[in-house]
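# Structural overview for review
Each chain, written out:
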Amino acid sequence: MPRSDRAREYSWNPSEENSLVGSIVQEEGHIYSLAATNDLLFTGSDNNHIRVWKNLTEFSEFKSNSGLVKAIVICREENNKVFTGHQDGKIRVWKTSHKNPRVYTRAGSLPALKDVLKKSVKPSNYVEARRRRTALWIKHSDAVSCLSLVEDQGLLYSASWDRTVKVWRIHDLKCLESIKAHDDAINSVIAGGSCEGLVFTGSADGTVKVWKREVRGKRTAHSLVQTLLKQESAVTALVTSHVAVYSGSSDGVVNYWEMGEKKVLKHCGVFKKHRLAVLCLAAAGELVFSGAADKKICVWRREGRVHTCVSVFTGHTGPVKCLAVAEPWGGDDEDGGDGRLIVYSGSLDKSVKVWRVPCHHM
């Protein structure tokens, strides 16, 4: 719903074969997070806004009281509830109106106020936080950097610069577990996907860790089963694809692992084309996408254990902070339904760009 006080423009060029086909520019907010579902794109920025786009046209918007929007996930099992992670350490929950799908209202926050009040009475519920302060174990005490859903288990994972991962039950918004996972800020958490029952965390401490999830009645328990990486450079992004796990780091390198015998992940190689830090990763089929502080997006095609850079997307004038891959186009779409993949990239240049990757790259 465009307003006169907002400077925004968009463009669309559906005829391009394998390149930039559209862009959104909004002058009042750097893009820090993206999520794509069905025909909608959600963007989060540092001015606390979450905007919803349909065919590159603004469809809706909603705003938190405070806190840069660092992460967005959409829960389809819960009527497309939207969870957002913020710089102020809070996770906010949003829902659409049944009468008007353009209207989003806040449905709560994690943890719920009633749980905070209940837990705050008991001294044993407080743990040591940063700067010698104490905090309730169910609350993040620093920025929420990333979110990951396991919808078939009804679980949401949040990771924070407070070095913890918290596990939430979606239907009642309860915190089930808090894991002190790393020695420094956690930048990425990936749960679910092809590596069922495993959760991956990447941190500024230079490690990637693997956690095994066990569901015990109404509770969860996570145990550390493997440390995949120990390096000086910070781990800045993670993604899973098939039986492979990829991590991007501040030195511009992407490491990857495959599941080996006895369900142990084995390091299989590295690849690099970025000059600066890899800030985000995405994957679809045999393709891996890496966005970086050098303003570029590399498209990697996997053949066996060899990864070849088949395209480099340029056009952003600031670091590429987030990526989202949409379902292939098909059916009655303008491009004739040839199954091209749509990739969205968000940048600190205040723009979202839309890229199309043809089938022969996959």
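Residues numbered from 1 in each chain as written. Predicted model: local features only at pLDDT ≥ 70, side-chain atom pairs only at ≥ 80, totals over all residues. Heavy atoms only, no water.

## Some details on the side chain of glutamate 258
Its location among the elements puts glutamate 258 in strand E23 (residues 253-259). In terms of polar contacts, glutamate 258 uses its side chain to reach the side chain of arginine 302, at 2.3 Å. The contact partners of glutamate 258, leaving out residues within four places of it in the chain, are Val243, Ala244, Val264, Leu265, Lys266, Cys268, Arg302, Gly304 and Arg305. (Helix = DSSP H or I, 4+ residues; strand = E, 2+ residues; numbered from the N terminus. Polar contact = N/O pair within 3.5 Å; in protein donor to acceptor, adjacent residues only side chain to side chain. Contact = heavy atoms within 4.5 Å.)

## Some words on a positive patch on the surface
Taken together, the side chains of Lys273, Arg275, Lys295 and Lys296 present a region of like positive charge at the surface. Among the secondary structure elements, lysine 296 is positioned in the loop between strand E26 (287-292) and strand E27 (297-303). (Patch = residues over 30% accessible without salt bridge, like charges linked within 9 Å, V, L, I, M, F, W, Y side chains within 5 Å. Areas by Shrake-Rupley, 256 points an atom, 1.4 Å probe, with all protein chains shown as cover. Salt bridge = Lys/Arg side-chain N within 4 Å of Asp/Glu carboxyl O. Lys, Arg positive; Asp, Glu negative; His and termini not counted. Charge placed at Lys NZ, Arg CZ, Asp CG, Glu CD.)

## Focus: the sheet that holds strand E21 (residues 235-241)
Pairing within the open sheet is antiparallel, and its 4 strands lie in the order E21-E22-E23-E24. What marks the edges here is a single partner per strand, and that holds for E21 and strand E24 (265-272). Between one strand axis and the next, the sheet turns by 20° as a mean value, whatever way the strands run. Summarising the sheet, E23 and E24 pair through 7 bridges and their orientation is antiparallel. Directly across from tryptophan 257, in E24, lies its bridge partner histidine 267. (Pairing = 2+ DSSP bridges. Axes fitted to C-alpha atoms, helices over the stretch in contact; angles between N-to-C directions.)

## With respect to the nonpolar core
A general trend in soluble globular proteins is that nonpolar side chains are found buried together. Ranked by size, the top nonpolar core spans 19 residues in total, and within it Phe83, Leu110, Leu147 and Leu156 carry the most contacts. Listed by contribution, the elements that provide at least two residues to this core are strand E7 (69-75), strand E9 (91-96) and strand E13 (144-150). Once residues lying within four places of it in the same chain are set aside, the contact partners of leucine 110 are Phe83, Ile91, Val93, Leu156, Trp168 and Leu173. Val165, Ile179, Ala191 and Trp211 belong to the second largest nonpolar core, which has 15 residues in total. (Core = buried A, V, L, I, M, F, W, Y, C linked by side-chain atoms within 4.5 Å. Buried < 20%, exposed > 50% of the residue type's maximum accessible area, 1.4 Å probe, protein only.)

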